[in-house]
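Reading the structure
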Amino acid sequence: MLPKRLIVLLMSLCTLCGAASAVQPRTDLTQKEQKALQKAQKKKIRQEARRFESLRNNAVVQFAREHQPSDISTPSFVNDFRISNVICAGDNISGTVMLHFDITPLYGGFRLYMGGERNGTYAFAKGLAYPSSDHYGRIYTMRSGQPEHIVVTFYNIAPGVERLDRVDVSMGLALNALNIISMRNVPIFWTYSDKAIKNYVQENKFTTAEEAVKVIKSGDHVHLSSVASAPQCLINAMCARGEAGELKDVHIHHLHTEGPAPYADEKFEGVFQLDSFFVGGNVRKVTQSGYADYIPIFLSETQRLYRCGAVPCNVAMIQVSTPDKHGFVSLGTSVDATLAAVETADYVLAVVNKHVPRAFGQAMIHSSKIDYFVQDDTPLMEAHFSEPNETETAIGKHCAALIEDGATLQMGIGAIPNAVLAQLGGHKNLGIHTEMFADGVLPLVESGVINGEAKNIDKGKMVSTFLMGSQRVYDFIDDNPAVLMMDVGYTNDPYIISKNDRVTAINSALQVDITGQVCADSLGTKFYSGVGGQIDFVYGASLSKGGKAIIAMPSVTNKGISKIAPVLTPGAGVVTTRNHIHWFVTEH
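In this report, we go over the structure that sits alongside the text. (Residues numbered from 1 in each chain as written. Predicted model: local features only at pLDDT ≥ 70, side-chain atom pairs only at ≥ 80, totals over all residues. Heavy atoms only, no water.)

1. As for the sheet that holds strand 14 (residues 315-320)
The cut-off we apply is this: By the convention used here, strands pair only if DSSP detects at least 2 bridges between them. By the criteria applied, helices consist of DSSP H or I runs no shorter than four residues and strands consist of E runs no shorter than two, each listed in order from the N terminus. Should any heavy atoms of two residues lie within 4.5 Å, those residues are considered in contact. Here an angle of 0 to 180 degrees is reported between the N-to-C directions of two axes, which are lines fitted to C-alpha atoms, with helices fitted over the stretch in contact.
Read across the sheet, eight strands follow the order 9-19-16-14-10-11-12-13 without closing on themselves; strand pairing throughout is parallel. Both edges of this open sheet fall to strand 9 (206-207) and strand 13 (293-294), since each of them pairs with a single strand only. The pairing of strand 12 (residues 272-276) with strand 13 spans two bridges and is classified as parallel. Each bridged residue has a counterpart across the sheet, and for Asp-275 the counterpart in strand 13 is Asp-293. Sitting on the sheet, helix 5 (residues 232-243) is in contact with strand 10 (221-224), strand 11 (250-253), strand 12, strand 14, strand 16 (347-352) and strand 19 (372-375), with an inclination near 145° to strand 14.

Shown next, in the form of structure tokens:
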């Protein structure tokens, strides 16, 4: 029996040709990386072509089985189906198939498919069909044995005709003395048009989370979309498979994510291996205790890991907006490295959520790139921040004094960025080109302080790669062409950043030594967060005409311990070198 639920990516020949033409060298990669990328892309195209053909055949069979008209009986075999010019080579046969059938009314074509789960794909024959005539087509790679079924699909019948008034199909098969393929007692199914099949398959791309995650195999590498877009229902379904003993050695990759991260629990040792690109609060303890690993990498290069093949992506689990009338969905609050994962993954599983904002830029992808859809309308996680305290307000004022009118800003989320933004009400023509932003920018946008008019690139647009904030932020970017959610390879490229004048990058730190070395990712030997995009923007701002790279932090911890030290704590990593730092700001 074929599976009752059929999920299939409908890929046209044009799509395959388009994909083939897209295998072009990338100037930002080394020659070795270019060759590896092109090889991976070509392999991906071949795999997709084979997978599409196989899945489509199964979809045709299932559709035909479920849509046989009750008023017309299924035809039976007679000896009118003949193969000539047979060439036998081992178990494979190729030859010319001749079909005879009577169809009224008709001007169109037909497709013949013989196959089954037991013996695999047998044959395809295509040709033009006219009333009461013989029809010819070519059979490709027919295997020996007995097929389980035959499907004849008639398509392009006539303008406005969606079905055949009458179909009489009489088929049989004779291979003369070869007698390799037996056609006795083989059921025949027939159906009307490719259009009907496509609609059927499109409708059946939706499934449950439990069914969708069955594509994950032991040893696979799985990418999760970031921050508020972590697909929790798919994560839970994947972990249920792990608990059931169905998976082992599955590698999980992601940037910062909000919400539970059950795959990182120590009970899944040997089942799931977390190799994150950033250490968030939900995986900090397990990473520090050795049950998860962290891959130190500039945020700008996370997408490159997937695109050059250094880190494989077998399954991308993402969250998207509801499809629009053209079939496009949006990645919403998480484009970052997720777009690269979607481009390179063997399977893309997408949670369709009405709460995901319809963001523009490179966030828009066509639903044909997604293999499995799962409906889950759980509201996105929100982040709320307290009002800046006296120390943070003082830091905000010092930073604001360094920001010129017409500057393009980069800053993260949290108390200090909000404190800086709160001091910018008197500035003019500020722009945003950042890796992320939150609620703090909204009052400045509403008052016209942030308008992007002084930017050299993406003039009038706010550019970001992921977001985290309250529902106000998600509502703000929804259907808003003034916000471009872009690939992290664009937002965090220092040379792209530097194209705007007066880029002012404000980042924080955990510790700074008296020579200017900045530790922003670890407390001694324990990883606390990650490299993130700090050096991307520190360097980009340094290259910008009139740009300023600022490191801002309180001078002491909450316990009164100085964060400015003669030397960094043993084991602490240097994120921004003493050569890169320009401005260092505390509350003093």
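Moving on, there is more to tell.
2. Section: the nonpolar core
Within soluble globular proteins, side chains that are nonpolar generally end up buried alongside one another. The line we're drawing: For our purposes a nonpolar core is just a set of buried Ala, Val, Leu, Ile, Met, Phe, Trp, Tyr and Cys residues, chained together by side-chain atoms within 4.5 Å. With a 1.4 Å probe rolled over the protein chains alone, any residue whose accessible area is under 20% of its type maximum counts as buried; one over 50% counts as exposed, and the rest are partly exposed.
One finds Ile-318, Leu-409, Leu-424 and Phe-437 to be the most contacted residues of the largest nonpolar core, which totals 68 residues. With near-sequence residues (within four places) excluded, Phe-437 lies in contact with Ile-413, Ile-432, Met-462, Ser-464, Phe-466, Leu-467, Met-468, Val-473, Phe-476, Ile-477 and Val-483. Counting 38 residues, the second-largest nonpolar core is a separate cluster that includes Ala-209, Ala-264, Leu-274 and Ala-292.

3. Things to note about the environment of Leu-442
With respect to the helices and strands, Leu-442 occurs in helix 11 (residues 442-447). For the pair formed by Leu-442 and Leu-421, sequence separation is 21 residues and the distance between their alpha carbons is 9.7 Å. Not counting chain neighbours up to four residues away, the residues in contact with Leu-442 comprise Arg-472, Val-473 and Phe-476.

4. A look at the side chain of Ser-498
Rules: Contacts described as polar in this section are N or O atom pairs within 3.5 Å, which, within protein, must combine one atom able to donate a hydrogen with one able to accept it, while residues neighboring in sequence count only if both atoms come from side chains.
You can see Ser-498 is positioned in the loop between helix 14 (494-497) and strand 26 (503-507). There is a polar contact of 3.0 Å between the side chain of Ser-498 and the backbone oxygen of Tyr-495.

5. Focus on the side chain of Thr-408
Looking at the element boundaries, Thr-408 is found in strand 20 (residues 408-411). Leave out the neighbours within four places in its chain, and Thr-408 touches Gly-431, Ile-432, His-433, Lys-455, Asn-500, Asp-501, Arg-502, Val-503 and Thr-504.

6. Concerning the environment of Ser-225
Its place among the elements puts Ser-225 in the loop between strand 10 and helix 5. The buried category is assigned to Ser-225, whose relative accessible area is 1%. Sequence separation between Ser-225 and Leu-255 is 30 residues; the distance between their C-alpha atoms is 7.7 Å. Those residues in contact with Ser-225, other than ones at most four positions away along the chain, are Ala-230, Pro-231, Thr-257, Met-317, Ile-318, Gln-319, Ser-334 and Thr-338.

7. Things to note about the sheet that holds strand 31 (residues 548-552)
Strand order in the open sheet formed by five strands is 21-20-26-31-33, with parallel pairing between adjacent strands. Each edge of the open sheet carries a strand with a single partner, namely strand 21 (431-432) and strand 33 (583-585). Inspection of the sheet shows strand 20 paired to strand 26 by four bridges, in the parallel sense. Bridged to Gln-410 within strand 26 is Ala-505.

8. Observations regarding empty space enclosed by the protein
Rule in force here: Cavity: a set of points on a 1 Å grid over the protein atoms alone where a 1.4 Å probe fits but cannot get out. Pocket: an open set with protein on both sides within 12 Å along at least five of seven lines, its lining residues, like those of a cavity, having an atom within 4 Å of a point. Grid points are joined across faces, edges and corners, and a volume is the space filled by probe spheres set on the points.
Per the stated rule, a full pass over the model turns up one cavity of 30 Å³ or more. Considered as a void within the structure, the largest cavity measures approximately 30 Å³ in volume. As for the largest cavity, its lining consists of Met-411, Gly-412, Pro-417, Asn-418, Leu-421, Phe-437, Ala-438, Gly-440 and Val-441. In terms of residue count, the dominant contributor to the lining of the largest cavity is helix 10 (residues 415-421) (three residues).

9. A few points about the pattern of salt bridges
Going by this rule: Any Lys or Arg side-chain nitrogen located within 4 Å of an Asp or Glu carboxyl oxygen qualifies as a salt bridge.
Counted according to the given criterion, the structure contains 10 salt bridges. One salt bridge connects Lys-214 with Glu-211, and the closest N-O pair in it is separated by 3.0 Å. Salt-bridge contacts for Asp-479 lead to Arg-358; the nearest nitrogen and oxygen are separated by 2.6 Å. Placement of Asp-479 in the loop between helix 12 (471-477) and strand 25 (483-485) and of Arg-358 in the loop between strand 16 and strand 17 (360-361) is noted, with a sequence separation of 121 residues between them. For Asp-479, a relative accessible area of 45% gives the class partly exposed. On the basis of relative accessible area, Arg-358 is assigned to the partly exposed category, the value being 25%. Overlapping salt bridges, with partners in common, bring together Arg-307, Glu-343 and Asp-487 in one network.

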